[in-house]
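Take a look at the letters that make up each chain.
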Protein chains: 2
Amino acid sequence: MAKFDPSLDTLFTALAEPTRRDILARLARGPASVTELHAGHAMALPSFLDHVRKLEAAGLIATRKEGRRRICEMKGEALTPAVHWLEEQRGLWQGRLDRFDDYVLNLMKERDNGPRS
Amino acid sequence: MAKFDPSLDTLFTALAEPTRRDILARLARGPASVTELHAGHAMALPSFLDHVRKLEAAGLIATRKEGRRRICEMKGEALTPAVHWLEEQRGLWQGRLDRFDDYVLNLMKERDNGPRS
DNA sequence: GGATTACTTAGCTGCATGGCTAAGTTTGAT
DNA sequence: ATCAAACTTAGCCATGCAGCTAAGTAATCC
């Protein structure tokens, strides 16, 4: 369905950088050009552009050329595989804890009731 | 409150590796020793251990020595900062889309009603 | 048309990461 | 006491990543 879907590797790697997370956080509020995004970052523009490119490669943003400016905007859907994976692991983990709770609860009930036979 | 809380950098970096995600997914089902975790991974044990160590450094797992074995278990809470960050960005992004919807809806209503004055 | 803006390309550097082998060390089994 | 299992340490290597400067190109502005 999606044109391409970058791996969790690519996704998490893209999110592992403060600069890139900043960019994303800014774009969550709305589109911006590269120079606008760059403002406030103490970093040479080419280095900064690399980060933008990596976000694009990860499918987290899309960019288009408008005159001499490159406009970037966020693709929020791209986050879902990451969220899903996280929720899944958390679910399994919680499930285990709950089952452990049940187990302990049963032990306690057994003790209160005393041995039956 | 937490003993230490690793940065989002550390967290997302730890999640950016398939081997490490595998380990985590396995541990979500319950504790295991290093050798148990290692089984099925075509990789030398020392290399594998490095991954375990990185997960531990990220606070995603805890390990303790039991005799000659090292037992690992998942610390599911450690995932929450990552989940929170993701949800926050998604929220902002969705919010923007919704406001845009409202805007379009208003335009349409204006058109249907016709200009008032 | 010439200057300025906004990237873009190219090429370099230092350091971190992910992998390996070989050689310990500690603990458990016999 | 010896042997095997389960790590653990040490040291090496190739690649990738984040940063830089310098120089180029394309669109606007004056």
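The notes below deal with the structure included here. In this text, all values refer to a predicted model and were calculated from it rather than measured experimentally.

Description of the overall build of chain A
Broken down by element type, chain A carries five helices and three strands. When its helices and strands are written in sequence order, chain A yields α-α-β-α-α-β-β-α. Each of the 117 residues in chain A was classed as buried or not, and the buried ones make up 37%. Taking as baseline every contact in chain A between residues at least 6 positions apart, the subset at least 24 positions apart corresponds to 55%. Total accessible area on chain A stands at roughly 7300 Å², and carbon and sulfur atoms take up 54% of it.

Some details on the sheet that holds strand E1 (residues 32–33) of chain B
Residue and element names in this part refer to chain B. With antiparallel pairing, the three strands of this open sheet are ordered in space as E1-E3-E2. Either end of the sheet is taken by a strand with one partner, and the two such strands are E1 and strand E2 (61–66). Here E2 runs beside strand E3 (residues 69–74); their pairing, made up of six bridges, is antiparallel. By the bridge assignment for E3, lysine 65 is matched with arginine 70. The strands touched by helix H2 (residues 18–27) within the sheet are E1, E2 and E3, with E3 carrying the most contacts at an inclination of about 85°. Lying on the sheet, helix H4 (residues 45–57) is in contact with E2 and E3; it crosses E2 at an angle near 120°.

A look at the sheet that holds strand E2 (residues 61–66) of chain A
Residues and elements named next belong to chain A. With respect to topology, three strands assemble into an open sheet ordered E1-E3-E2, the strand pairing being antiparallel. Because the sheet does not close on itself, it has two edges, and the strands there are strand E1 (32–33) and E2. As paired elements, E1 and strand E3 (residues 69–74) share two bridges and run antiparallel to each other. When the bridges of E3 are listed, alanine 32 appears paired with cysteine 72. Those strands touched by helix H2 (residues 18–27) are E1, E2 and E3, and its axis lies near 85° from that of E3. Most of the contacts of helix H4 (residues 45–57) go to E2, to which it runs at about 120°, and overall it touches E2 and E3.

Describing the protein's contact with DNA strand C
Among the 20 residues in the neighbourhood of DNA strand C, the closest are listed as Thr35 and Arg70 of chain A together with Ser47, His51 and Lys54 of chain B. Near the protein, meaning within 4 Å, the atoms of DNA strand C are sugar or phosphate in a fraction of 75%, with bases accounting for the rest. A distance of 2.7 Å is found between a phosphate oxygen of DNA strand C and a side-chain nitrogen or oxygen belonging to lysine 65 of chain A. One nitrogen or oxygen atom from the main chain of arginine 70 of chain A is found 2.7 Å from a phosphate oxygen belonging to DNA strand C. Ranked by residue count, the leading element in the surface near DNA strand C is H4 of chain B, at four residues.

Digging into the interface of chain A and chain B
Taken together, the contacts link 30 residues of chain A with 30 residues of chain B. Both faces considered, chain A and chain B share a buried interface measuring about 2800 Å² in area, 68% of it formed by carbon and sulfur atoms. Summed over the shared surface of chain A and chain B, the number is two salt bridges. Note that arginine 21 of chain B and aspartate 9 of chain A form a salt bridge whose closest N and O atoms lie 2.5 Å from each other. For the side of chain A that touches chain B, the elements supplying multiple residues, two or more each, are helix H1 (8–15), H2 and helix H5 (80–113) of chain A. Here the element with the most residues in the side of chain A that touches chain B is H5 of chain A; it accounts for 11 residues. Across the side of chain A that touches chain B, the residue classes break down as 17 nonpolar, five polar and eight charged.

About the cut-offs
- Residues numbered from 1 in each chain as written.
- Chains lettered and ligands numbered in written order.
- Predicted model: local features only at pLDDT ≥ 70, side-chain atom pairs only at ≥ 80, totals over all residues.
- Heavy atoms only, no water.
- Helix = DSSP H or I, 4+ residues; strand = E, 2+ residues; numbered from the N terminus.
- Buried < 20%, exposed > 50% of the residue type's maximum accessible area, 1.4 Å probe, protein only.
- Contact = heavy atoms within 4.5 Å.
- Areas by Shrake-Rupley, 256 points an atom, 1.4 Å probe, with all protein chains shown as cover.
- Pairing = 2+ DSSP bridges.
- Axes fitted to C-alpha atoms, helices over the stretch in contact; angles between N-to-C directions.
- Near = heavy atom within 4 Å.
- Polar contact = N/O pair within 3.5 Å; in protein donor to acceptor, adjacent residues only side chain to side chain.
- Buried area = accessible area lost by both parts, 1.4 Å probe.
- Salt bridge = Lys/Arg side-chain N within 4 Å of Asp/Glu carboxyl O.
- Nonpolar A, V, L, I, M, F, W, Y, C, P; charged D, E, K, R; others polar.

Worth remembering: the numbers are spatial, not functional.
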